[in-house]
Amino acid sequence: NSYQVQVTKSNFKWIKLNVEQKFFYRVNYDITIWQELINQLNTNHKVFAARDRAGLIDDAFALATAGHLNITIAMDTTQYLHLEHEYSPWMMAIDALHNIYSILSHGNQLGPFKMYFRSQLESAFHSLGYNDTGSHTQRLLRVAALHRSCDLGSRRCGQN
């Protein structure tokens, strides 16, 4: 089933529904709201809880895969990742970007996509480092990021 909520815009730039992803449903915003949410992620992503950041990425890619959202909007939800240090948004992004990589694996857009994906993963390494230290989720993220980086042909694989 599908439900629509009409919100009359007044003094706000964006509205985030399904706060902290408490319910299992997808939220597709108007394009202008998506763009404002993306701007907020790029400006100050910590306005949203980590669950909400993960939810925005997950919703955007699921909706794009289903043909309900332009893939460019979904990709734009990952622009801020160089600022991200939390496990759940990163894992949503890694899984979503890996799915896009699989789709593009035989096309001519694979090279630029691999460069983008690798650069995002490099920012994770910059903040996490290569040593097996930190919290349980930091260690899990480090392994996942390293695994995907190696899949993408990172030069750093095998060095550390």
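Not measured: the values here are computed from a predicted model.

Caption draft 1: Spatial organisation of the side chain of Ser 149. One can find Ser 149 in helix H6 (residues 136-151). With near-sequence residues (within four places) excluded, Ser 149 lies in contact with Leu 121, Phe 125, Ser 154 and Cys 157.

Caption draft 2: Fine view of the nonpolar core. Among the nonpolar cores identified, the biggest contains 39 residues, and Trp 34, Phe 61 and Ile 94 are the most heavily contacted of them. Every element with two or more residues in this core is listed here: helix H1 (31-44), helix H2 (50-65), helix H3 (71-76), helix H4 (87-104), helix H5 (110-128) and H6. Sort the elements by how many residues they give to this core and H4 lands first, with eight residues. If near-sequence neighbours (up to four positions away) are discounted, Phe 61 is found in contact with Ile 71, Ala 74, Met 75, Thr 77, Thr 78, Ala 96, Leu 97 and Ile 100.

Caption draft 3: Focus on the pattern of salt bridges. In the structure shown here, the tally under the stated rule is five salt bridges. Arg 53 is paired through a salt bridge with Glu 84; the nearest N and O atoms lie 2.7 Å apart. Note that Arg 53 is positioned in helix H2 and Glu 84 in the loop between H3 and H4, a separation of 31 residues in sequence. There is no split in this pair, since Arg 53 and Glu 84 are both buried. In this structure, Asp 132 and Arg 139 form a salt bridge, with 3.4 Å as the shortest nitrogen-oxygen distance. The exposure class assigned to Asp 132 is exposed, which follows from its relative accessible area of 56%. Look at the salt bridges and you will find they share partners, linking Arg 26, Asp 58 and Asp 59 into a network.

Caption draft 4: Spatial organisation of H4. End to end, H4 covers 25 Å across 18 residues, agreeing with the expected 26 Å (1.5 Å per residue, within 8%). Among the residues of H4, those classed as buried are Pro 89, Trp 90, Met 91, Ala 93, Ile 94, Ala 96, Leu 97, Ile 100 and Tyr 101. Buried positions along H4 lie against H2, H3, H5 and H6.

Caption draft 5: Fine view of H6. End to end, H6 covers 23 Å across 16 residues, agreeing with the expected 22 Å (1.5 Å per residue, within 8%). Of the residues making up H6, those classed as buried are Leu 141, Arg 142, Ala 144, Ala 145, Arg 148 and Ser 149. Contact partners of the buried residues in H6: H4 and H5. Gly 153 sits one or two positions beyond H6 and adopts a positive phi of about 80 degrees.

Caption draft 6: Just the packing of aromatic side chains, in detail. Considering all chains together, one arrives at two aromatic pairs under this definition. A centroid spacing of 5.2 Å and a plane angle of 85 degrees characterise the contact between Tyr 29 and Trp 34, whose relative ring orientation is edge-to-face. Among the residues examined, Trp 34 registers a relative accessible area of 1% and is labelled buried.

Caption draft 7: Looking closely at the packing of H1 against H2. Where H1 meets H2, the axes come as close as 12 Å, and the angle between the chain directions of the two elements is 140 degrees. In terms of axis orientation, H1 runs oblique to H2. H1 and H2 meet at a crossing whose hand is left-handed. Of the residues in H2, those touching H1 at Trp 34, Leu 37 and Leu 41 are Arg 53, Leu 56, Asp 59, Ala 60 and Leu 63. The residue makeup of the contact of H1 with H2, split by class, is six nonpolar, no polar and two charged.

What counts, and where the lines are drawn
Within any chain, residue numbers begin from 1 and follow the written order of that chain's sequence. Given that this is a predicted model, residues contribute local features only at a pLDDT of at least 70 and side-chain atom pairs are listed and counted only at 80 or more, while totals for whole chains, interfaces and linings are drawn from all residues. Water and hydrogen atoms were dropped before computing side-chain values, which therefore reflect all heavy atoms in the structure. Helix numbering and strand numbering both begin at the N terminus, where a helix is a DSSP run of H or I of at least 4 residues and a strand a DSSP run of E of at least 2. Only heavy atoms matter for contacts: two residues are in contact if any of them lie within 4.5 Å across the pair. Put simply, buried Ala, Val, Leu, Ile, Met, Phe, Trp, Tyr and Cys residues joined by side-chain atoms within 4.5 Å make one nonpolar core. Burial classes follow relative accessibility: with a 1.4 Å probe on protein chains only, a residue under 20% of its type's maximum area counts as buried, one over 50% as exposed, and anything between as partly exposed. We define a salt bridge as a contact between a side-chain nitrogen of Lys or Arg and a carboxyl oxygen of Asp or Glu at a distance within 4 Å. By this rule the span expected of a helix is its residue count minus one, scaled by 1.5 Å. Think of it this way: a Phe, Tyr or Trp ring, Trp meaning its six-membered ring, pairs with another when their centres are within 6.5 Å, and the plane angle makes it stacked under 30 degrees, edge-to-face over 60, tilted otherwise. As a rule, the C-alpha atoms of each element are fitted with a line to give its axis, helices using only the stretch in contact, and angles between N-to-C directions run from 0 to 180 degrees. Orientation is classified from the angle alone, with under 35 degrees giving roughly parallel, over 145 giving roughly antiparallel, 65 to 115 giving roughly perpendicular, and any other angle giving oblique. Handedness of a crossing follows from how the near helix is turned relative to the far one, being left-handed for an anticlockwise turn of less than a right angle and right-handed for a clockwise one. Think of it as three bins: nonpolar holds Ala, Val, Leu, Ile, Met, Phe, Trp, Tyr, Cys and Pro, charged holds Asp, Glu, Lys and Arg, and polar takes everything else, Gly as well.

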